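Coordinate analysis (summary)
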Amino acid sequence: MDTIAIIVPCYNEQEVLEQFHRRTEEVLAGIRDCRFRYVFVNDGSRDGTLPILRRLAEEDYKVSYISFSRNFGKEAAMLAGMDYAECDAAVIMDADLQHPPEMIPEMIGWWRKGYDDVCAKRADRKDEGFIKRHLTNFFYKLLQKCSRTAIQRNVGDFRLLDRRCLSALRLMRESERYTKGLFTWVGFKKKEIPFHVQPRAAGKTTWNYWSLMNLALEGLTSFTTAPLRLASMFGVLVSFAAILYMLYVFIRAMIYGDPVAGYPTLLTVMLCLGGVQLLALGIIGEYLGRVFNESKHRPLYLVDEWNGRKMEYVLKPVPEERRVETHEKEINDEND
Ligand code: UDP
Ligand code: MG
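Within every chain, residues take consecutive numbers counted from 1 along the sequence as written. As a convention, the first chain written is A and the first ligand written is 1, with the rest following in written order. Reporting of local features is limited, given that this is a predicted model, to residues whose pLDDT is at least 70; pairs of side-chain atoms are given and counted only at 80 or more, and all residues count toward the totals for whole chains, interfaces and linings. Computation of side-chain values: all heavy atoms of the structure, hydrogens and water removed.

Considerations on the coordination of the magnesium ion (ligand 2)
- Only N, O and S atoms count as donors, using a 2.8 Å limit from the metal and a wider 3.2 Å limit for Na, K and Ca, and since water is excluded some coordination spheres may look unfilled. The magnesium ion (ligand 2) binds to the protein through Asp96 (OD) and Gln98 (OE1); the donor distances cover 1.8 to 1.9 Å.
- Summary of the burial criterion: residues with accessible area below 20% of their type's maximum are buried, those above 50% are exposed, and those between are partly exposed, where the area comes from a 1.4 Å probe applied to protein chains only. We classify Asp96 as buried; its relative accessible area is 3%.

A look at a nonpolar patch on the surface
- Side chains of Phe240, Ile243, Leu244, Met246, Leu247, Phe250, Ile251, Met254, Ile255 and Tyr256 sit close together on the surface and give an oily, nonpolar patch of about 1200 Å² of accessible area.
- Counting from the N terminus, the helices are the DSSP runs of H or I reaching at least four residues and the strands are the DSSP runs of E reaching at least two. Of note, Met254 is situated in helix 9 (residues 226-256).
- With relative accessibility at 63%, the residue Met254 sits in the exposed group. Patches draw on residues past 30% relative accessible area with no salt bridge. Two like charges within 9 Å are joined, as are two nonpolar side chains (Val, Leu, Ile, Met, Phe, Trp, Tyr) within 5 Å. Residue-level accessible areas treat just the shown protein chains as cover; the underlying method is Shrake-Rupley with a 1.4 Å probe. Salt bridges are defined as contacts in which a side-chain nitrogen from Lys or Arg sits within 4 Å of a carboxyl oxygen from Asp or Glu.

A few points about the layout of surface pockets
- For the second largest pocket, the calculated volume is near 560 Å³.
- Along its surface, the second largest pocket is lined by 20 residues, and Tyr245, Val249, Gly262, Thr265 and Leu266 are the ones closest to its centre.
- Only helix 9 and helix 10 (263-295) provide two or more residues apiece to the lining of the second largest pocket.
- Here the lining of the second largest pocket gets 10 residues from one element, more than from any other, and that element is helix 9.
- Across the lining of the second largest pocket, the residue classes tally to 15 nonpolar, 3 polar and 2 charged. Here a cavity denotes grid points, spaced 1 Å and computed from the protein atoms alone, that fit a 1.4 Å probe unable to get out, and a pocket denotes an open set having protein on both sides within 12 Å along at least 5 of 7 lines; residues with an atom within 4 Å of a point are the lining. Grid points are joined across faces, edges and corners, and a volume is the space filled by probe spheres set on the points. Under the scheme applied here, ten amino acids are nonpolar (Ala, Val, Leu, Ile, Met, Phe, Trp, Tyr, Cys and Pro), four are charged (Asp, Glu, Lys and Arg), and all others, including Gly, are polar.

Re the packing of aromatic side chains
- By convention, a stacked pair of Phe, Tyr or Trp rings (six-membered ring in the case of Trp) has centres within 6.5 Å and planes under 30 degrees apart, an edge-to-face pair has planes over 60 apart, and any other such pair is tilted. With the rule as written, the count across this model stands at 8 aromatic pairs.
- Here the aromatic rings of Phe68 and Phe72 are separated by 5.5 Å at their centres, their planes lie at 90 degrees, and the arrangement is edge-to-face. For the pair Phe68 and Phe72, one class covers both residues: buried.
- Taking the centre distance of 4.9 Å and the plane angle of 85 degrees together, the rings of Tyr84 and Trp306 count as edge-to-face. In this pair, Tyr84 is assigned in helix 3 (residues 74-84) and Trp306 in strand 8 (residues 303-306), connecting sequence segments 222 residues apart.

Side note on the sheet that holds strand 4 (residues 89-92)
- The strand order across the open sheet formed by 9 strands is 7-5-6-4-1-2-3-8-9, and the pairing between neighbours is mixed. Two strands close off the open sheet at either side, each with one partner strand: strand 7 (190-195) and strand 9 (309-310).
- A strand pair is defined by DSSP finding two or more bridges across the two strands. Pairing between strand 5 (residues 117-122) and strand 7: 6 bridges, direction parallel. Its bridge partner being in strand 7, Cys119 is matched across the sheet by Glu192.
- Helix 2 (residues 49-59) contacts strand 1 (2-10), strand 2 (34-42), strand 3 (63-68) and strand 8 of the sheet and is inclined by roughly 155 degrees relative to strand 3. Any two residues whose heavy atoms approach within 4.5 Å at even a single point are treated as in contact. Note on geometry: axes are lines fitted to C-alpha atoms, helical ones only across the stretch in contact, with angles between N-to-C directions running from 0 to 180 degrees.

Observations concerning the packing of helix 3 against helix 6 (residues 163-171)
- Closest axis-to-axis distance for the helix 3/helix 6 pair is 10 Å, and the angle between their directions is 120 degrees. As the angle between them shows, helix 3 and helix 6 are arranged oblique. Pair helix 3 / helix 6 crosses with left-handed handedness. Across the interface between the two elements, Leu79, Met82 and Asp83 of helix 3 pack against Leu166, Leu169 and Arg170 of helix 6.
- Here the contact of helix 3 with helix 6 is built from residues that sort into 4 nonpolar, no polar and 2 charged. Should an angle lie under 35 degrees it is considered roughly parallel, over 145 roughly antiparallel, and from 65 to 115 roughly perpendicular; all remaining angles are considered oblique. Left-handed is the label given to a crossing in which the near helix is rotated counterclockwise from the far helix by less than a right angle, and right-handed is the label when the rotation is clockwise.

What to know about the environment of Asp88
- Here Asp88 shows up in the loop between helix 3 and strand 4.
- Expressed as a C-alpha distance, the spacing of Asp88 and Cys34, which sit 54 residues apart in the sequence, is 9.9 Å.
- Setting aside its immediate chain neighbours within four residues, Asp88 contacts Met1, Asp2, Thr3, Trp111, Leu161, Asp162 and Arg163.

Some remarks on the pattern of salt bridges
- Inspection of every chain in the model, using the stated rule, returns 18 salt bridges.
- The salt bridge involving Asp2 is made with Arg112; its shortest N-O contact spans 2.7 Å. Taken together, the residues Asp2 in strand 1 and Arg112 in helix 4 (residues 104-112) connect sequence positions 110 residues apart.
- Residue classification places Asp2 among the partly exposed positions, given a relative accessible area of 24%.
- Look at Arg112 and you get partly exposed, because its relative accessible area is 39%.
- Where Glu25 meets Lys62, a salt bridge forms, and the shortest distance between an N and an O atom there is 3.1 Å. Here Glu25 is found in helix 1 (residues 17-29), whereas its partner Lys62 is found in the loop between helix 2 and strand 3, with 37 residues between them in sequence.
- When salt bridges that share partners are traced, they join Asp2, Asp33 and Arg112 into one network.

Some remarks on the site of ligand 1
- Here a residue counts as near a molecule or strand whenever at least one of its heavy atoms sits within 4 Å of it. Residues in close proximity to ligand 1 total 16 residues, the closest being Glu13, Asp43, Asp96, Gln98 and Thr205.
- We call two N or O atoms a polar contact when they sit within 3.5 Å, provided that within protein one can donate a hydrogen and the other can accept it, with sequence-adjacent residues counted only if both atoms are side-chain atoms. At 2.5 Å, a side-chain N or O of Glu13 approaches an oxygen atom of ligand 1.
- Note that a nitrogen atom of ligand 1 is positioned 2.6 Å from one of the side-chain N or O atoms of Asp43.
- Here ligand 1 has 530 Å² of accessible area as a free molecule, and 86% of this is covered by the chains.
- In the shell around ligand 1, the residues fall into 5 nonpolar, 5 polar and 6 charged.

Structure (structure tokens):
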């Protein structure tokens, strides 16, 4: 029998957790040919989330949980869930019931038909405001144009992943994570099924415009170097124009002499170029910052508690495939 893990990142979700568990249980009870396991990831919540998880784990043998030493963000929480889940496939869901558990049977159905990555695609974005909807649209278009991996549109983290996708995702330990892009990057056979995002059952969203903008920047800079190229192309263009203008000024001065004038033009050109330079520097800085963060090779999350045990080590013993990898490396090293 296949084991399916339900991975749920939770950050301050005390109001919804029990409701989430109850409703998901109702759905899972109808699926007879799979074994289910929950992997809740407490992402450093400051409310009663952890005690609730402890209780759920006591009451329901299917529930396991990981608790971070602080808030590491949803991306890290999802990765931790994938690291700790031992399963044939995993469903990633939000705790706030915006992702209806009623979709799980359909997802499993497609998985059984041979799809490795069954993702729920938002049928509409009516739940969002006008501005947010259009900004998101613009962002997707931009990303699509700039990046070589075609990022799926209107597809979130709500999906079922085959164990092969999971092991591929586990291998990617970059600290600037844009998981949505990573899902696309790993490839495999994908199936999109439409769904309607539900309103949050309780509690409130942790995303605001600022964090969404940051996520968008993250997505752009971690999936394409197009802005850098744009900066250089703009540089070439401006230099070319400058040479033409120089020739013009030079020739004009030769023919008509050089009455000192043109202060406004000079100022405009200077300001404009200054702006462009700062922009280009900023773009370089974005990427440099990413390289800097990446080069530290810090673990992506630290675990404080795992199923009621205080962790002796802050990370789980390395997942299977990485163990194989290090083992091979050791053998190679010995042979060298
Ligand atoms: N979440 C998390 N860590 C964070 C922020 C959010 O694990 O730092 C979880 C949160 O508990 C929820 C999911 O990520 O299960 C989606 O968060 P939220 O509902 O706030 O985002 P939205 O649905 O508005 O995009
Ligand atoms: Mg939500």
